[in-house]
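Spelled out from the first residue to the last, the chains are:
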Amino acid sequence: MTNPLLYIDHISKSFGAVRALQEITFGVNYAEIVALVGDNGAGKSTLVKIISGALTPDSGKLWLEGREMHFRRPADAIREGIETVYQHLALIEELDVADNIYLGREIVSGGLLGKLVGWLDRPRMRHLTKQAISQLHIKIPAPNRSVRRLSGGQRQAVAIGRAITWGHKLLILDEPTAALGVEETEQVLLTIEKLRDEQGLSMIVVSHNMQDVYRIADRVVVLRQGRHVATLNKCETTPQEIVAYITGAKSKVQLA
Amino acid sequence: MAEVASVHSKALDGTAIRQAISQLLVRYGIVLVLVVLVAGMTILSPLLRDGQQLFLTPRNLIQVTLQASINMILAVGMTFVITSGGIDLSIGSIVALCGVLSAMAMRDLDIGPWAGFALALLIGAACGFINGLLITQLRLPPFIVTLGTLGIFRGAALIISDGRSVYGFDRSFQEIFSARLPISADLELPVAVLIAAVIGTLAWVVLTKTRFGKYTVAIGGSEETTRLAGVPVQRYKLGIYTLCGLLAGVAGALLLARLRSGDPTFGTGFELNAIAATVMGGTSLSGGSGTILGTLVGSLIISVVQNAMNLFNVQSYWQQLIVGAVILFAVILDQWRRRQSR
Ligand SMILES: Nc1ncnc2c1ncn2[C@@H]1O[C@H](COP(=O)(O)OP(=O)(O)OP(=O)(O)O)[C@@H](O)[C@H]1O
Ligand SMILES: [Mg+2]
């Protein structure tokens, strides 16, 4: 059997007495969307942060394409092509769109002085932002607009645009449609599907919306109070069954 | 068509004009405060001495900027720190420590004026670095850390100098660093003003055009988001506090040159004036937005008010009260301005 793209191997994490994650194990294949679901406090965001290097696990391993990863900081995961849109922490309001998309990856002007002082090449970053955005499904406002002046949907579009611009292996989206209206949700879902189907990107999508989950996911991983209670294949399950696992009405039977 | 036009012009009469004015205030409010103060003093000062203009003379204006210069340099450092969501209460103590140590080194070790100046900068940067280390490594709030080092640096200055002023160091230090450069027949530019102007310009460039400046804003906007984007936040914060300390070292050296002695009590309360100039200028105390130009204008306002009170012979107790009231007024204005721009 070939290695999956990402393999999460008995990951545990506690915050003091709170056991946020206990022995979580599952894989994400190439060009696959895995939905990560569970009630509030189930540990979804904690797991997301571990995969993206924002938190280090207490125990367990992470494998990417068969290599063991030791992410100590977000930059480590980013370098491996893993991009994350965090719940509540996606963008800096005080910066403009292009500055956000290039945050942590600034292009500096050529020449010794530019490198030495870190002189930002803003025209170039704005130009490239415009180019990158024109290839997406979602509409993103002008690169020099301040994020503060954007609607919830536009912000989410920028955040996803940022992840798409940089992530070439795995995108992790923590509740990407939580704050969005009907049409904006549709745009985001279309973009997600297109990324998988046309570019072969893999994604972990955290969501509370069962309809969205059921529509885009290939497999569904259910967490409950820090434990992994089910992995369901989309074609063999129903939204009702997923909900039953989330609420605990149905309990662990088989783990794929 | 005609109807549309008339509706349009009516809107222009009322709301549009009001909007334009509030836009102007929002953007340049603090500059207007300075303009009004200068205009007011220009009109009022002839009433003092038989119609003679005392305020709006080249000499007096240079005096005003000279008085503002040290606060400007400190406030520029403070602008970086506050923009990043922090605060530095220890800069007044750093000023004293740098002055005392630099003066003693020049007097006892005979290191010469340039090395004396460099030493002040080095000590300032080291103090800032210590602040940064405590804040980033122990994850303590900047307010607490710098409140502590405010006492520690001041105490160190007092202990090292035995509580006494340090005199008798190289005269050439004063000659160089409080020199006045002749511009024209009766106009001279103090070195401190020149240095403040250069620092202000460089700081503006750094804050608005470079990666360091962008990260300063980003960290103040959301430190966690910046970290998650892969930015080595702790390293940049260390840099920001070191920069603030370095600038306090510059201020310490210039004060030493101007006052011709290094005194361990110098610089007491300077941090408050620097914070006041910064906040007045429009830098948000909650971090994420800062303006060097605003900070420079804020420093000038404080200096103009002090100068005005000197010209009017206002008693020094009253001066403190009035400066405090002006700061409060400017901040209230700024809050109002911010609410308008939301
Ligand atoms: N930094 C932290 N310190 C202490 N406890 C934490 C921390 N982060 C998360 N927790 C706890 O860990 C548990 C899992 O939280 P997590 O944020 O991962 O849940 P979630 O599944 O993302 O929930 P939601 O659907 O509300 O976003 C919760 O009990 C939470 O209180
Ligand atoms: Mg969450």
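What this report covers is the structure whose coordinates are included nearby.

The rules behind these values
- Residues numbered from 1 in each chain as written.
- Chains lettered and ligands numbered in written order.
- Predicted model: local features only at pLDDT ≥ 70, side-chain atom pairs only at ≥ 80, totals over all residues.
- Heavy atoms only, no water.
- Near = heavy atom within 4 Å.
- Polar contact = N/O pair within 3.5 Å; in protein donor to acceptor, adjacent residues only side chain to side chain.
- Areas by Shrake-Rupley, 256 points an atom, 1.4 Å probe, with all protein chains shown as cover.
- Helix = DSSP H or I, 4+ residues; strand = E, 2+ residues; numbered from the N terminus.
- Nonpolar A, V, L, I, M, F, W, Y, C, P; charged D, E, K, R; others polar.
- Expected span 1.5 Å × (residues − 1).
- Buried < 20%, exposed > 50% of the residue type's maximum accessible area, 1.4 Å probe, protein only.
- Contact = heavy atoms within 4.5 Å.
- Buried area = accessible area lost by both parts, 1.4 Å probe.
- Salt bridge = Lys/Arg side-chain N within 4 Å of Asp/Glu carboxyl O.

**Let's talk about the site of ligand 1**
Residues and elements named next belong to chain A. In the neighbourhood of ligand 1, 14 residues make up the surrounding shell, with Asn40, Gly41, Lys44, Ser45 and Thr46 lying closest. Gly43 is positioned such that a nitrogen or oxygen atom in its backbone is 3.0 Å from an oxygen atom of ligand 1. Between Gln87 and ligand 1, the recorded distance is 3.2 Å, taken from a side-chain N or O atom to an oxygen atom. Protein contacts shield 60% of the accessible area of ligand 1, which totals 630 Å² for the unbound molecule. Residue assignment for the shell around ligand 1 shows that the elements contributing at least two residues are strand 2 (18-28) and helix 1 (44-51). It is helix 1 that contributes the most residues to the shell around ligand 1, three residues altogether. Of the residues assigned to the shell around ligand 1, the class counts are four nonpolar, seven polar and three charged.

**A look at helix 3 (residues 91-108) of chain B**
Residue and element names in this part refer to chain B. For helix 3, spanning 18 residues, the distance from its first C-alpha to its last is 25 Å, which sits close to the expected 26 Å at 1.5 Å a residue. Counting buried positions over the 18 residues of helix 3 gives 15, a clear majority of the element. Phi for Asp110, located one or two positions after helix 3, is positive at around 55 degrees.

**Overview of the interface of chain A and chain B**
Listed by partner, the interface residues are 26 residues for chain A and 23 residues for chain B. When the two sides are added together, the surface that chain A and chain B hide from each other amounts to roughly 2,000 Å², 61% of it contributed by carbon and sulfur. Here chain A and chain B share two salt bridges between them. For the salt bridge of A:Glu106 with B:Lys214, the shortest nitrogen-to-oxygen distance reads 2.8 Å. Residue contributions to the side of chain A that touches chain B peak at three residues, all from helix 2 (residues 74-79) of chain A. Its residues assigned to classes, the side of chain A that touches chain B comprises 16 nonpolar, two polar and eight charged.

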